[in-house]
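# A closer look at the structure
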Amino acid sequence: MKPLPYGKQLIDADDIAAVAEQLGDDWLTQGPTVAKFEAALCEITGAKFAVAMSSGTAALHLACLAAGVGPGDVGVTSTNTFVASANGIRYCGGTPRMVDIDAETGLMSLRALDEAVRAVRPKVIVPVDFAGAVADLPAIAKHGAVVIEDAAHSLGAEYTHGGRSYRAGSCAHTQMAILSFHPVKHLTTGEGGAVTTNDPALDAKLRELRTHGITRDPQRLTRNDGPWYQEQQSLGYNYRLTDLQCALGLSQAKKFPGFLARRRQIAAQYDAAFAKAPFVGQLVPLRVRDGVTSAYHLYVVRFSGPSLEAIAARRKAVYMALRDAAIFAQVHYVPVHAHPDYAPFVAGQQFPGCDAYYASCLSLPMYPALTDGDVERVVATLGTIVSG
Ligand SMILES: Cc1ncc(COP(=O)(O)O)c(C=O)c1O
């Protein structure tokens, strides 16, 4: 039986040819293909600047550094996320404060955020566009902290505010956004990420931090020994994305509208199936926040039952039965607050929304190469399991 993972890249002959062509080029890294890929990201998100980096995690680290996070500062993020969203705050010496979610949408609870902001006065807030639905960025921006949208799941998503439509990663209501190009994401460079912003000063800072904190800008040099001269002016990193990776990213970016449309078709096919017997009352798709058109990085369903223990047991049994049928669903995520390494940061806090969500959630296969027949197989298999 063909294995169906929860997510997977779609690489075709064009992608392979683009990388092969780059291999014959003078530049393998730090060359012009990086700038071309960054321009493609600006086009997709609508942001003025995009700074490509070696991963989404590197992007979170440098976005927090560029926001000025350091020891003594607090950064707030959702506890329903991949640990990287919170780790970026810690890399800078900051203290992460985890915030509970709305179990129906998987997104940061605005009420819990309000409480956290009053308690800790954060320097940054990192809302997570969970599963591909944009967090309520205009409401989150009202708190006055620097907002870094974690848009790793939401490339191509849209949200409305004040009668207008905005794109994920556009930074219309935030200072920065981060993207990820891991193979399960909307387009891939193998590993890769980016920060988008509309602020030229942040763009310059991020570019410098990406390459060791070194500048060649004649306006900023403290002296100039000649055309070779460069200076490290702050401690940066080697977080560069290579031209090889950007060649793949550029080729993928051309196909991105098709990838996104296919994800939405698959979601519609699942939605239609789960609105009918035998699923009604047993299994409910994650609700997409009002006003949002999701980019469907994940398609999440939630199980119901008399108690969290019963729901979690049911979810596990279904997960195992799907595995037996070569359907590799996944659970997103083990909450950040449940990781042992985060215990010191969450002592005394409760996360009832995320605990309820975590007990009940299951991410079904969702990727552009999934066929209608594959989706039918997932639905039919699930139908047999839930009615059995
Ligand atoms: C919400 C979220 N943020 C950040 C990241 C980190 O991205 P990367 O794997 O590119 O480092 C991920 C990756 O899975 C993610 O899902």
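One can find the structure itself at the top, above this paragraph.
Heads up: these notes are all about the structure in this document. (Residues numbered from 1 in each chain as written. Predicted model: local features only at pLDDT ≥ 70, side-chain atom pairs only at ≥ 80, totals over all residues. Heavy atoms only, no water.)

### As for the packing of helix α8 (residues 243-274) against helix α12 (residues 372-387)
Direction vectors running N to C along α8 and α12 enclose 30 degrees, while the axes themselves pass 10 Å from each other. Classified by the interaxial angle, the pair formed by α8 and α12 is roughly parallel. The crossing of α8 and α12 is right-handed. Between α8, through R262, I266, Q269, Y270, A273 and F274, and α12, the contact on the second element is made entirely by D372, V375, E376, V378, V379 and L382. Of the residues that constitute the contact of α8 with α12, the class distribution is eight nonpolar, one polar and three charged. (Axes fitted to C-alpha atoms, helices over the stretch in contact; angles between N-to-C directions. Helix = DSSP H or I, 4+ residues; strand = E, 2+ residues; numbered from the N terminus. Parallel < 35°, antiparallel > 145°, perpendicular 65-115°, else oblique. Left-handed = near helix turned anticlockwise from the far one by under 90°. Contact = heavy atoms within 4.5 Å. Nonpolar A, V, L, I, M, F, W, Y, C, P; charged D, E, K, R; others polar.)

### Examining the pattern of salt bridges
Under the criterion given, the structure shown has 16 salt bridges. Here D341 ties to R90 by a salt bridge, and the two come within 3.0 Å at their closest N and O atoms. Linking D341 in the loop between β16 (327-328) and α10 (343-346) with R90 in helix α4 (residues 84-91), this pair joins segments that are 251 residues apart in sequence. The class for D341 is partly exposed, based on a relative accessible area of 49%. Between D225 and R223 there is a salt bridge, with the nearest N and O atoms lying 2.9 Å from each other. The class of R223 is partly exposed, set by a relative accessible area of 47%. Here the salt bridges do not stand alone but share partners, grouping E38, D203, R207 and R210 into one network. (Salt bridge = Lys/Arg side-chain N within 4 Å of Asp/Glu carboxyl O. Buried < 20%, exposed > 50% of the residue type's maximum accessible area, 1.4 Å probe, protein only.)

### Digging into the site of the ligand
Around the ligand sit 16 residues in total, of which G56, T57, D150, S180 and K185 are the nearest. Within the side chain of H153, one N or O atom sits 2.9 Å away from an oxygen atom of the ligand. K185 has a polar side-chain atom sitting 2.9 Å from an oxygen atom of the ligand. Burial of the ligand by the surrounding chains reaches 92%, relative to a free accessible area of 390 Å². Mapped by element, the contributors of at least two residues to the shell around the ligand are α3 (56-66) and α4. The element contributing the most residues to the shell around the ligand is α3, with three residues. (Near = heavy atom within 4 Å. Polar contact = N/O pair within 3.5 Å; in protein donor to acceptor, adjacent residues only side chain to side chain. Areas by Shrake-Rupley, 256 points an atom, 1.4 Å probe, with all protein chains shown as cover.)

### Here we look at the packing of aromatic side chains
Considering all chains together, one arrives at twelve aromatic pairs under this definition. With 5.0 Å between their ring centres and 15 degrees between their planes, Y237 and Y239 make a pair best called stacked. The class of Y237 is partly exposed, set by a relative accessible area of 25%. Relative accessible area serves as the criterion here: at 18%, Y239 is assigned to the buried category. Measuring from ring centre to ring centre gives 5.6 Å for Y342 and F345, while their planes differ by 50 degrees; the resulting arrangement is tilted. With a relative accessible area of 2%, Y342 lands in the buried category. When its relative accessible area of 25% is taken as the criterion, F345 is described as partly exposed. Through a chain of ring-to-ring contacts, three or more aromatic side chains come together here, namely Y270, F274, F279, Y296 and Y299. For the cation-ring pair, R90 lies above Y342, with the distance from its terminal atom to the ring centre recorded as 4.7 Å. (Phe/Tyr/Trp six-rings, centres within 6.5 Å; stacked < 30°, edge-to-face > 60°. Lys NZ or Arg CZ within 6 Å of the ring centre and 35° of its normal.)

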